[in-house]
Amino acid sequence: AVVSTQSTGNWVFIGLTKRIDNNRKLAKKEKGVWNPEHWFYETRGMARYENFRRYMPDQQQKGSKRKGYEYQVVVQVNKKGYWDDTFASKPLPFACQYCGKYIVLSKHVSWNKAQKHCEDVGLTFATVENEQENKELLFAAEIALGDTLYGRRFNNSNWVWIGEKEQMDENGEGNGIWTHWNDAPLPYKPKWDFKRQPDNWIRKRGEQSVVALSRKNGKWDDSFPFKKRPFACMCKERACRFA
């Protein structure tokens, strides 16, 4: 799976750079010409696929003869999947590739909307089967959101919604049985944030009946589903093995 760092813009860097014929301004007839033998990934070698926008790459330059020139020799990708060459000095979010199945999104939504959003993009709400997966999910959160924590412990930005919930009885009250979002059994005994957790607080707007994962330590907390937080989705199949 590929995880992007938090972004409010339309473009992210990918690890593709032009390493040959990369220090000059292109002639007009050369712009928009793709030569795969000039473009390389850090670990995968020469690029064998491209999806550049029309008339790209154009390898524009900036700078001066006195201070030196910089050329557009790295690649940014937009939300529609189109490529563009750009300057490496440009401040942009970036995409990482890791051998996991979890994708964490920085958008703050309620627990129910998190589940729907995962489904809308062809994923499923993240579930955890064992301690190794819990560590993997925490790692995915760090890639997507960074390691900075905000304000007090229960600041919503410090927690990530996951697809675990408490089963409710016929009176609409929690019965102490925790399952996945789809009612499948939870085969894992998680580490809760405090000794008394889950504590099932009840307020006028409902009960603490869903789970958020702490970005600080990966521990769980039962919470009110109306809170708006980042959330985790899950790929249906793992791309490769997480170390």
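Anyway, here's the lowdown on the structure attached to this text. Nothing here was measured: the structure is a model prediction, and the numbers come from that model.

### A look at the overall build of the protein
Here is step 1: Across its full length, the protein holds two helices and 18 strands.
Here is step 2: For 243 residues, the compact-globule estimate of 2.2 N^0.38 gives 18 Å, and the protein exceeds it by more than 25% at 22 Å.
Here is step 3: Expressed along its principal axes, the backbone C-alpha trace of the protein runs to roughly 75 × 35 × 30 Å.
Here is step 4: Here the protein holds 243 residues, and 41% of them are scored as buried.
Here is step 5: Excluding contacts between residues fewer than 6 apart, the proportion of contacts in the protein whose partners are at least 24 apart in sequence is 70%.
Here is step 6: Carbon and sulfur atoms make up 50% of the accessible area of the protein, which amounts to about 14500 Å² in all.
Here is step 7: Taking the average location of the 42 positive side-chain charges in the protein and that of its 29 negative ones, the two points are 9 Å from each other.

### Re the state of the cysteines
Think of a disulfide as a covalent bridge from one cysteine sulfur atom to another cysteine sulfur atom.
Here is step 1: Under the criterion given, the structure shown has one disulfide.
Here is step 2: The thiol sulfur of C235 is not disulfide-bonded, and the nearest other cysteine sulfur, from C233, lies at 8.9 Å.
Here is step 3: Here C235 falls in the buried class, since its relative accessible area comes to 16%.

### Observations regarding the packing of aromatic side chains
Here is step 1: Enumeration according to the criterion identifies 12 aromatic pairs in this entry.
Here is step 2: Judged by centre distance (5.7 Å) and plane angle (50°), the ring pair of W34 and F52 falls under tilted. Here the residue W34 occupies a position in the loop between β2 (11-18) and β3 (39-41), and F52 occupies one in the loop between β4 (45-46) and β5 (61-64), the gap between them amounting to 18 residues.
Here is step 3: Between the NZ or CZ atom of K62 and the centre of the ring of F87, over which it lies, the distance is 4.7 Å.
Here is step 4: The ring of W161 is capped by R229, whose NZ or CZ atom sits 5.0 Å from the centre of that ring.

### Digging into the nonpolar core
Here is step 1: If you look at the biggest cluster of nonpolar residues, it comprises 22 residues, and the most contacted ones within it are Y102, V104, V128, L137, I162, W220 and A232.
Here is step 2: Of all the secondary-structure elements, those providing two or more residues to this core are β10 (102-109), α2 (131-145), β12 (159-168), β16 (210-214) and β18 (229-234).
Here is step 3: Contact partners of V104, with chain neighbours within four places excluded, come to L137, A140, A141, A144, L145, V160, F231 and A232.
Here is step 4: In terms of nonpolar packing, the next biggest core, distinct from the first, is built from 14 residues, A114, C118, W159 and W161 among them.

### Some thoughts on the pattern of salt bridges
Here is step 1: Applying the stated criterion across every chain yields a total of eight salt bridges.
Here is step 2: E133 is the salt-bridge partner of K101, the closest N and O atoms lying 2.8 Å from each other. You can see K101 sitting in the loop between β9 (95-97) and β10 and its partner E133 sitting in helix α2, a full 32 residues away along the chain.
Here is step 3: For K101, a relative accessible area of 12% gives the class buried.
Here is step 4: Classification of E133 as buried rests on a relative accessible area of 10%.
Here is step 5: Note that K116 is salt-bridged to D120, the shortest N-O span being 2.9 Å. Here the residue K116 and the residue D120 both occupy positions in helix α1 (residues 111-120), the gap between them amounting to four residues, near one helical turn.
Here is step 6: Judged by relative accessible area, which is 52%, D120 ranks as exposed.
Here is step 7: Overlapping salt bridges bring together D21, R24 and E30 as one network.

Definitions and limits used
- Residues numbered from 1 in each chain as written.
- Predicted model: local features only at pLDDT ≥ 70, side-chain atom pairs only at ≥ 80, totals over all residues.
- Heavy atoms only, no water.
- Helix = DSSP H or I, 4+ residues; strand = E, 2+ residues; numbered from the N terminus.
- Rg over C-alpha atoms; globule rule 2.2 N^0.38 Å.
- Buried < 20%, exposed > 50% of the residue type's maximum accessible area, 1.4 Å probe, protein only.
- Contact = heavy atoms within 4.5 Å.
- Areas by Shrake-Rupley, 256 points an atom, 1.4 Å probe, with all protein chains shown as cover.
- Lys, Arg positive; Asp, Glu negative; His and termini not counted.
- Charge placed at Lys NZ, Arg CZ, Asp CG, Glu CD.
- Disulfide = S-S within 2.5 Å.
- Phe/Tyr/Trp six-rings, centres within 6.5 Å; stacked < 30°, edge-to-face > 60°.
- Lys NZ or Arg CZ within 6 Å of the ring centre and 35° of its normal.
- Core = buried A, V, L, I, M, F, W, Y, C linked by side-chain atoms within 4.5 Å.
- Salt bridge = Lys/Arg side-chain N within 4 Å of Asp/Glu carboxyl O.

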